[in-house]
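Structural characterization, general
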Amino acid sequence: MSWIREGELNLLEKISANVLKAGPMPKHVAFIMDGNRRFARKKNMERQEGHMQGFNKLAETLRWCKHLNIPEVTVYAFSIENFKRTKDEVDGLMELAKQKFERLLEERDNLEKHGVCIRVLGDLDMLPLDLQQLIAKAVITTKAHNKCFLNVCFAYTSRYEITNAVREMAWGVEQGLIKASDVSEALLSECLYSNNSPNPDLLIRTSGEVRLSDFLLWQTSHSCLVFQSVLWPEYSFWNLCEAILQYQLNHKSIQKARDLHRDHQALLQLEADRACVAEHLQHHGNGKPADAQRRQEALLHHTACREERVHDFLEALKHKRDSFFNDLCTEGVLA
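So, here's what we can say about the structure. (Residues numbered from 1 in each chain as written. Predicted model: local features only at pLDDT ≥ 70, side-chain atom pairs only at ≥ 80, totals over all residues. Heavy atoms only, no water.)

Secondary structure assignment for the chain yields eleven helices and six strands. By principal-axis analysis of the C-alpha atoms, the chain measures approximately 80 × 50 × 35 Å. Counting the 335 residues in the chain, one finds 47% classified as buried. For the chain, the proportion of contacts with a sequence separation of at least 24, taken over those separated by at least 6, is 80%. When the accessible surface of the chain is split by element, carbon and sulfur atoms take 53% of a total near 17500 Å². Each charge class in the chain can be summarised by its mean position, and for the 43 positive and 46 negative side chains these summaries are 4 Å apart. (Helix = DSSP H or I, 4+ residues; strand = E, 2+ residues; numbered from the N terminus. Buried < 20%, exposed > 50% of the residue type's maximum accessible area, 1.4 Å probe, protein only. Contact = heavy atoms within 4.5 Å. Areas by Shrake-Rupley, 256 points an atom, 1.4 Å probe, with all protein chains shown as cover. Lys, Arg positive; Asp, Glu negative; His and termini not counted. Charge placed at Lys NZ, Arg CZ, Asp CG, Glu CD.)

Listed below in structure tokens is the structure:
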């Protein structure tokens, strides 16, 4: 089954889509695609077939999102916690992922046509090497595409992602790229796997469960959360419309919370910069208090230096991550 589904909406779907698009639309939607195993039990089929049906539904959902002008989608494909399932099920999921990424690479012309950029977020070292290499090739092949984005969270949990971001900042301090005083909430956000994406506007979980299950905990603190009882393989265009309507009904309060948080972040950074400058002036001022002009000049200099350090650190981090994917591709070619 193709990752990219062609085909138009039917007349009623088109009318409904146009009505929805008259209001504020989410630009980034995240899905916890829950219910594949329960669907398989319900239909008396093998678990693996349930997971296959779940993938088919993802492809269909991406088509709906395209018609609704939603340019970015993030999906929870495989949690680190899923490694605790039976060996047969985990092996089956790894094989399914391998088949789907092989198929994706066969569709590279179609992906280029639609401008689809594939990103895979998670600790790929936990996966079989052949799957890592396929994923790396898919990521590198589509990295220049910029019309729509699919983020696949694989071997992922949010707490692991946040812990890894802290490790990355510690690495930056150890390497002398940044100072400990440069560490901030904003910088941590830039060190997450999802740093290339805006935070989701809308998160949808299917199957009736009302937990986030360690998915995008940091990124969805100011997102609209919608929990729907439908099993993922049975998800419909109308379920998606219902979730978008919930987002639209809550859009103003969500936007207000985001604006307040952004302003608060800026204030915290300013206060941190001022504290660093005050400490510096105290140690280098020969006991004399600095006048307002000198404090302002010192603050501007400190801020410019911090921003330059952070920029260079993030460039180094990007290079490290790009090298990881490039090395995997090189290993795959040599093999």
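This brings us to a nonpolar patch on the surface. Together, L11, I15 and V19 line one region of the surface with nonpolar side chains, adding up to about 320 Å² of accessible area. With respect to the secondary-structure elements, V19 resides in helix α1 (residues 11–20). Residue classification places V19 among the exposed positions, given a relative accessible area of 58%. (Patch = residues over 30% accessible without salt bridge, like charges linked within 9 Å, V, L, I, M, F, W, Y side chains within 5 Å. Salt bridge = Lys/Arg side-chain N within 4 Å of Asp/Glu carboxyl O.)

What follows covers the packing of aromatic side chains. All told, the structure shown has 13 aromatic pairs when counted by the stated rule. Between the aromatic rings of F31 and Y235, the centroid separation amounts to 6.2 Å while the plane-to-plane angle is 80°, which identifies the pairing as edge-to-face. Of this pair, F31 sits in strand β1 (residues 28–32) while Y235 is found in the loop between β6 (224–227) and α9 (237–249), placing the two residues 204 residues apart along the sequence. Assigned by exposure class, F31 and Y235 land together as buried. (Phe/Tyr/Trp six-rings, centres within 6.5 Å; stacked < 30°, edge-to-face > 60°.)

This part is about the pattern of salt bridges. Within this structure, the stated rule accounts for 22 salt bridges. The salt bridge involving E168 is made with R321; its shortest N-O contact spans 3.6 Å. Of this pair, E168 sits in helix α7 (residues 158–174) while R321 sits in helix α11 (residues 292–334), and the two are 153 residues apart along the sequence. Each member of the pair, E168 as well as R321, is classed as buried. Among the charged side chains, a salt-bridge network with shared partners connects D34, R38, R205, E209 and R211.

Of note in the backbone geometry, N69 takes a positive phi value of approximately 60° without being a glycine. The class for N69 is partly exposed, based on a relative accessible area of 44%. The phi dihedral of A155 is positive, around 55°, even though this residue is not glycine. Within the secondary structure layout, A155 lies in strand β4 (residues 148–156).

If you walk across this open sheet you meet the six strands as β3-β4-β2-β1-β5-β6, and the pairing is parallel. The sheet is open, and its two edges are formed by β3 (116–121) and β6, each paired on a single side. With strand direction ignored, the average angle separating the axes of adjacent strands in the sheet is 20°. Note: β1 against strand β5 (residues 202–205), four bridges, orientation parallel. Across the sheet, A30 pairs through a bridge with L203, a residue of β5. Across the face of the sheet, α9 comes into contact with β1, β5 and β6 while running at roughly 140° to β5. (Pairing = 2+ DSSP bridges. Axes fitted to C-alpha atoms, helices over the stretch in contact; angles between N-to-C directions.)

It is worth spelling out the nonpolar core at this point. The tendency in soluble globular proteins is for nonpolar side chains to be buried as a group. Membership of the largest hydrophobic core comes to 59 residues, with the highest contact counts inside it found for F31, L68, V120, F154, L202, Y235 and L240. In terms of residue count, helix α4 (residues 87–106) provides more of this core than any other element does, seven residues in total. In contact with F154, not counting residues within four places along its chain, are A77, F78, M94, A97, V120, L121, G122, D123, L124, L127 and L131. (Core = buried A, V, L, I, M, F, W, Y, C linked by side-chain atoms within 4.5 Å.)

Look at helix α6 (residues 129–142): 20 Å from first C-alpha to last across 14 residues, which is about the 20 Å you get at 1.5 Å a residue. Within α6, burial applies to L131, Q132, Q133, L134, I135, A136, A138, V139 and T142. (Expected span 1.5 Å × (residues − 1).)

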